[in-house]
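Residue-level listing of the chains:
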Amino acid sequence: MRTSRSGFRRRCAFALLAVLVWLAVPAASASEFRRKSWTTEQGAPADIWALAQGRDGWLWLGTGNGLYRFDGVRFERFEPPADESFRSNNITALNLLPDGTLWVGFYYGGASVIRDGHVRSFPPGTAFPGGMVLTFAQTPDGATWAATEGGLARFDGREWKIAGSDWGYPAPRADWAIVARDGTLWVTTGQTLMSLRSGANRFEDTGLTVTTYAVAAEAPDGTLWLSDRARGTRALPGLDAGGRLSSVAAAPQETRYAESYRLLFDRYGNLWGSDAGKGGVYRVADAARAASGRSLTPQDVAEVVDRNGGLVSDRAVPLLEDAEGTIWVGTNIGLVSFHRNRLLVPGNIVPGTASTYAMAVDREGAAWLVNGGAVWRMNGVDGEAMARGLPDISGALFDATGTLWLIGRESLFRLRGGVPDPVALPLPSAPTKVNAMAFDGRGNLWLALAERGLYRLRDGNWSPLDAAIALPAVAPTALASDAAGRLWIGYPDDRIAVLDGDAAHVHAGGLRVGNVTTINAAGRDVLIGGELGLARLREGRIQSLVAGDDEALCGISGIVETAAGDLWLNAIKGVVRLDAGEVAAAFERPGYRPAYRLFDYRDGLPGVAVQAAPVASAAVDAAHRIWFLTNQAPAWLDPARLSGNLLPPPVEVLSLSANGARYPLTATPRLPQGTNNLQIEYTATSLAIPDRVRFRYKLDGVDADWRDAGNRREASYSNLRPGSYRFQVAAANDDGVWNAQGASAQFVIEPSFFETKWFYAIWVLAVLGLAAILYFWRVRLAIERARLQLTERMRERERIARDIHDTLLQGVQGLLLRLQAVVVGLPADDSRGKVLQAAIEQARQMVIEGRDKIIALRGEDPRHTELAQSILAIGENLASTHPLAFHLTTEGQPRVMLPSAVDEIIDIVGEAVRNAFVHSQGTRVDVHVAYRRNALNVHILDDGRGIDAAAMQSATRLKRWGIVGMRERAEKLGSRLVLRPRAPAGTEVVLSVPCRAAYPETGRFSWRRHVREQRPDSDPH
């Protein structure tokens, strides 16, 4: 969201109020190192007796109450696994090996080793000496040595063994052990200094006597230094493993000055010591100059830091330089770091002791500083006092002749021969505040007076700006001259003008810096600094650079441009460096947010840029050092000697918490169903300036791109869907060097049942099933509706067919009977008989055609009605010539039948029907056809005189071939034929044909059907 300019002005105004805060804060003395402390009140453990750092960047702290690690922000206690433990919580020694193995030594003796998160302990005894463990050391052969109050021991990778006569080590104790760059192991025994050359198996006595608890350290040039309570701290120049010293080595004095618990050389050659006598920490800035062999004296010490000097406690013991060059000191109530400052305050300036400061650079390129009434000319980094006893000075400027002009409170001076020469101000009778001062090309001094306007000193006389010159009427806020001698004038409300002699030109368009506070016109471009940002005037065109909501470019009071085009800005938040490429991009591409480097109190800057200064608050000297004037003191840096932090910070994902529960990251955590709040903690172990470490992270599947987390070390997510996730995090150190590989962690959120693939599959199937049910229901409704319509139609057609059959066909049948009777009564030679016979045949054909029409009218498939219609035709034909009525009924759904079976069945039934018509002497014949699943059953019944059972048995003998033929055909079909008399009168013929013989095979075999086929039909009566 775009912030309004008025809102941005308010934020810049609040930032400017920080100046007043700085004025109220007591400043410490200048130092090459910035101190930062963590006390027990801030979560630091107490009684820190040992420090170590591994490749993962964590700072390990051995304390009187256990083992801790520190990432620069948080302290975390190490807890062994549940079934493992340390021998004691009182830890006195630590040593981190390159492979990540951590050795821990204890106050009450014994050691433990931590490897891959597991703890293994070694109690004191026959293999490990007793007494407090003081230190560990690893020799080039991979062996680890332990120095304890009870002796010296060696670990070969499998077990510890106490070093004794077998190693040529006779001492009962070992106070310190150190491995030099050449692989030599040096050990202080409480009596003497001994050495073990690399690859040797016996110690050599150097003959140099030491006291108990003597410690040693190796300087960057290889010189061994020693400290004990007898001769303090001294170098052993030229000492070799055999104990031979340089022939020019000075003899140490008997002194306890600088007697140290620990010694440490940093990468810059400083010697650090934790003072065992007076307490605190001391630093020797150039130890090589004191490496003659004599004992250190107070004159050798560049800095002593104790409780009075800002150390949290005088009881300081362990010292460590980390991978980024920060010095760490452990005390009994907390931890202290010493970070090398990039900006330095001259040693003769005490920050915060003066109400105003001033700065100028002379023609030779030397910086002049005005502080507390004294004027200093800086020769290198040392200052020479040029004048004293001056009043408060707020501005200083050299003229073309090399004279230093000084602006004070309502006063103006020229410094000549170290003596201030007062110069009257333009309006001596009125209170005057000088907003700005500058010299033009003609050597005239210009002053911008608040509420008074612009005045010029020429030939010793003051005159206001000529009213004829077209310049704004308000008082200027900034002045500067360019190489051509023109005077550049800055005004409030985004206006700037140039005065060349009596000609003036005002530039206003495109300037967006608010009130102009400084101008640099010494280069190709005119650079303009203001309360809200930076601008440049190039070839008559003004381009403004405003860093959006970022306040880094607020309150610029000094601008320096290097030969390479880099810009250094003295601003309200600190010193800002813009590389030349970023400057070009920012001015040429509107909306571009330039990358910059901010130097502030964390880099040694004392305060913030002085505001409303009469002259620019930034300048460069002949040595290309850039000087900055702040509200606390002047400071300088050398851009050519700036050492960046090139070490990418190790990154680690620490923990994962969900719904209040914490999950270990040793394996892929599986979070429970319903997880909706997730927090992921991560860190980067860059210890130089931890609060400048920046992070970015993303969650695959959720974040399309990296999220900028600033220096926040926790990511939060909510409303995550079930599934597998991968969290990635990367970090940059205080100099913007990114660890692109970063760290990652995977986790799984278990789905609820209604969120599983099975549920979705079931849901999809259910929807498809419901859709299918609805579809088939609609289809069924449509079919039922069509069936009802068709049934109604068929019923109407059947009614019509019945009416035709019962009226027309029956009438024709009756007519045929009468005509047949007439034909029978005519003589054989009567010609009318032939005519009547032809008519009878024609009528019979009409009956057959009528029957076919009735079948078509009923809509029946001939394949389904062939059997019934054939039986009906037989019966009706016989009924037309015999005085018996014929009726046919069916049961079940007619089925397609085998043609061979139809023929045989028709023959059997036809024979039975003919017998009934011819021999029964009854009144009616009934045929019932039943289509069943397992069989086809046909019943033929008459109400005649019946059949004799004995005659049926002797049908063959009596030559009743019709009955014999019926039985033979039934046997051929595999069917059952029954002929029997019917009570009270008549005959019944039952034909039962199995479905396999009557119907075509459907292709599927059913054992139930097979069983039914094998079961005989029950007697119908």
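Residues numbered from 1 in each chain as written. Predicted model: local features only at pLDDT ≥ 70, side-chain atom pairs only at ≥ 80, totals over all residues. Heavy atoms only, no water.

**Student:** Let's hear about the overall build of the protein chain: which residues, and what values?
**Tutor:** Tallying secondary structure elements over the protein chain gives ten helices and 68 strands in all. Taken against the 2.2 N^0.38 rule, which gives 31 Å for 1021 residues, the C-alpha radius of gyration of the protein chain at 58 Å runs more than 25% over that of a compact globule. Across its three principal directions, the C-alpha atoms of the protein chain cover 185 × 100 × 40 Å. For the protein chain, restricting intrachain contacts to residue pairs at least 6 apart in sequence, the fraction spanning at least 24 positions comes to 54%. Carbon and sulfur atoms make up 52% of the accessible area of the protein chain, which totals about 49200 Å². (Helix = DSSP H or I, 4+ residues; strand = E, 2+ residues; numbered from the N terminus. Rg over C-alpha atoms; globule rule 2.2 N^0.38 Å. Contact = heavy atoms within 4.5 Å. Areas by Shrake-Rupley, 256 points an atom, 1.4 Å probe, with all protein chains shown as cover.)

**Student:** Lay out the sheet that holds strand S32 (residues 393-398) in plain terms, naming residues and giving numbers.
**Tutor:** With antiparallel pairing, the four strands of this open sheet are ordered in space as S32-S33-S34-S35. What marks the edges here is a single partner per strand, and that holds for S32 and strand S35 (419-423). Between one strand axis and the next, the sheet turns by 30° as a mean value, whatever way the strands run. In the sheet, S32 pairs with strand S33 (residues 404-408) via five bridges, with the strands oriented antiparallel. From the neighbouring strand, Ala396 faces S33, where its bridge partner is Leu406. (Pairing = 2+ DSSP bridges. Axes fitted to C-alpha atoms, helices over the stretch in contact; angles between N-to-C directions.)

**Student:** Before we move on, could you go through a nonpolar patch on the surface and cite the residues and values that matter?
**Tutor:** On the surface, Trp763, Val764, Leu765, Val767 and Leu768 cluster together to form a nonpolar patch covering roughly 500 Å² of accessible area. On the secondary structure map, Val764 appears in helix H3 (residues 757-825). (Patch = residues over 30% accessible without salt bridge, like charges linked within 9 Å, V, L, I, M, F, W, Y side chains within 5 Å. Salt bridge = Lys/Arg side-chain N within 4 Å of Asp/Glu carboxyl O.)

**Student:** Break down the pattern of salt bridges for me, with residues and values.
**Tutor:** Evaluated as defined, the whole model comprises 48 salt bridges. Note that Arg538 is salt-bridged to Asp525, the shortest N-O span being 2.8 Å. Note that Arg538 is positioned in strand S46 (residues 534-538) and Asp525 in the loop between strand S44 (516-520) and strand S45 (526-530), a separation of 13 residues in sequence. With a relative accessible area of 22%, Arg538 lands in the partly exposed category. Note on Asp525: relative accessible area 7%, which makes it buried. (Buried < 20%, exposed > 50% of the residue type's maximum accessible area, 1.4 Å probe, protein only.)

**Student:** Please provide a residue-by-residue account of the UniProt feature "transmembrane region" (unreviewed entry) in the protein chain, values included.
**Tutor:** In this numbering, the UniProt entry assigns the feature "transmembrane region" (unreviewed entry) to residues 758-777. From the first C-alpha to the last, residues 758-777 spans 27 Å; its make-up is 100% helix and 0% strand. (UniProt positions renumbered as here; feature names shortened; annotations may be inferred.)

**Student:** Which residues make up the packing of aromatic side chains, and what are the values?
**Tutor:** Enumeration over the complete set of coordinates arrives at 34 aromatic pairs. A ring pair is formed by Trp103 and Trp160, whose centres lie 5.1 Å apart and whose planes are at 80°; its orientation type is edge-to-face. Taken as a pair, Trp103 in strand S7 (residues 102-106) and Trp160 in strand S13 (residues 160-163) lie far apart in primary sequence, 57 residues in all. Across the pair, Trp160 and Trp103 agree in class, each one buried. Clustering of aromatic rings is evident, with ring pairs tying together Trp103, Phe122, Phe128, Phe136, Phe155 and Trp160. Positioned above the aromatic ring of Trp636 is the side chain of Arg625, whose terminal nitrogen or guanidinium carbon lies 5.0 Å from the ring centre. Over the ring of Tyr999 we find Arg895; its NZ or CZ atom is 3.7 Å from the centre of that ring. (Phe/Tyr/Trp six-rings, centres within 6.5 Å; stacked < 30°, edge-to-face > 60°. Lys NZ or Arg CZ within 6 Å of the ring centre and 35° of its normal.)

**Student:** Quick rundown of the nonpolar core? Include the residues and the values.
**Tutor:** Formed by 41 residues in total, the largest nonpolar core has its most connected members in Ile905 and Leu936. Contributions of two or more residues to this core are made by helix H5 (862-879), helix H6 (899-919), strand S65 (924-931), strand S66 (935-942), helix H8 (961-973), strand S67 (976-981), strand S68 (987-994) and helix H9 (995-998). Examining the composition of this core, we find that ten residues originate from one element, H6, more than from any other. Filtering out sequence-adjacent residues up to four positions away, Ile905 remains in contact with Leu867, Met897, Leu936, Leu973, Leu991 and Val993. With 30 residues, the next largest nonpolar core counts Ala214, Tyr257, Ala258 and Ala291 among its residues. (Core = buried A, V, L, I, M, F, W, Y, C linked by side-chain atoms within 4.5 Å.)

**Student:** Go over the confidence of the model for the protein chain, please, and point to the residues and values.
**Tutor:** On average, the protein chain scores 87 in pLDDT, and the residues at 70 or more come to 90%. Of the regions scoring below 50 in pLDDT, residues 1-30 engages in 52 contacts with residues more than four places distant in sequence or in other chains. Scored below 50 in pLDDT, residues 1003-1021 shows 23 contacts in the model against residues more than four places distant or in partner chains. (pLDDT = per-residue confidence, 0-100.)

**Student:** Can you break down the side chain of Asp440 residue by residue, with the values?
**Tutor:** Mapping Asp440 onto the fold places it in the loop between strand S36 (434-439) and strand S37 (445-449). Buried and unpaired, Asp440 has Arg442 as its nearest opposite-charge partner, separated by 5.1 Å. At a separation of 3.0 Å, a polar atom in the side chain of Asp440 contacts the main-chain amide nitrogen of Arg442. There is a polar contact of 2.8 Å between the side chain of Asp440 and the side chain of Trp446. In this structure Asp440 touches Trp446, Ser481 and Gly485, once residues within four positions along its chain are discounted. (Lys, Arg positive; Asp, Glu negative; His and termini not counted. Polar contact = N/O pair within 3.5 Å; in protein donor to acceptor, adjacent residues only side chain to side chain.)

**Student:** Break down the pairing of strand S48 (residues 558-561) for me, with residues and values.
**Tutor:** Looking at chain direction, S48 and strand S49 (residues 567-571) are connected through four bridges and run antiparallel. Note on S49: the bridge partner recorded for Gly558 is Asn570.

**Student:** Give me helix H2 (residues 580-588): which residues, what numbers.
**Tutor:** When we look at burial in H2, the residues that qualify are Glu582, Val583, Ala585, Ala586 and Phe587. The elements touched by buried residues of H2 are S46, strand S47 (541-545), S49 and strand S50 (574-578).

**Student:** So what about the environment of Ser313? Which residues, and what values?
**Tutor:** With respect to the helices, strands and loops of the structure, Ser313 is situated in the loop between strand S24 (303-305) and strand S25 (316-321). Classification of Ser313 by relative accessible area gives buried; the value is 6%. What Ser313 contacts, discounting residues up to four positions off in sequence, is Thr331, Asn332 and Ile333. At a separation of 3.1 Å, a polar atom in the side chain of Ser313 contacts the main-chain amide nitrogen of Arg315.

**Student:** Describe the environment of Ser274, with residues and values.
**Tutor:** Its location among the elements puts Ser274 in strand S22 (residues 271-275). Classification of Ser274 as buried rests on a relative accessible area of 0%. Here the alpha-carbon distance between Ser274 and Leu598, two residues 324 residues apart in the chain, equals 33 Å. If near-sequence neighbours (up to four positions away) are discounted, Ser274 is found in contact with Glu259, Ser260, Tyr261, Arg262, Gly280, Ala316, Val317 and Leu319. One polar contact links the side chain of Ser274 to the main-chain amide nitrogen of Arg262, over a distance of 3.1 Å. One polar contact links the side chain of Ser274 to the main-chain carbonyl oxygen of Val317, over a distance of 2.8 Å.

**Student:** Describe in detail the sheet that holds strand S20 (residues 232-236), supporting the description with residues and values.
**Tutor:** Strand order across the open sheet formed by three strands is S18-S19-S20, with antiparallel pairing between neighbours. In this open sheet, the two edge strands, each paired with only one partner strand, are strand S18 (215-218) and S20. If you compare each strand with its neighbour and ignore which way they point, the axes differ by 20° on average. Of the strand pairs in this sheet, strand S19 (residues 224-228) and S20 are connected by five bridges, and their pairing is antiparallel. What sits directly across from Ser227, in S20, is Thr233.

**Student:** Before we move on, could you go through H6 and cite the residues and values that matter?
**Tutor:** Along an α-helix, a turn takes 3.6 residues, which lines up residues three or four apart on a common side. Counted at 1.5 Å a residue, the expected span for H6 with its 21 residues is 30 Å, and the 30 Å between its end C-alpha atoms agrees. Positive backbone phi, at 55°, marks Gln921, one or two positions downstream of H6. (Expected span 1.5 Å × (residues − 1).)

**Student:** Help me get a handle on the side chain of Glu218, residues and values and all.
**Tutor:** Counting through the fold element by element, Glu218 comes out in strand S18. Here Glu218 falls in the buried class, since its relative accessible area comes to 15%. At 3.0 Å, the side chain of Glu218 and the backbone nitrogen of Arg181 are in polar contact. Glu218 has contacts with Ile178, Val179, Ala180, Arg181, Thr223, Leu224 and Phe265, leaving out every residue within four places of it along the chain.

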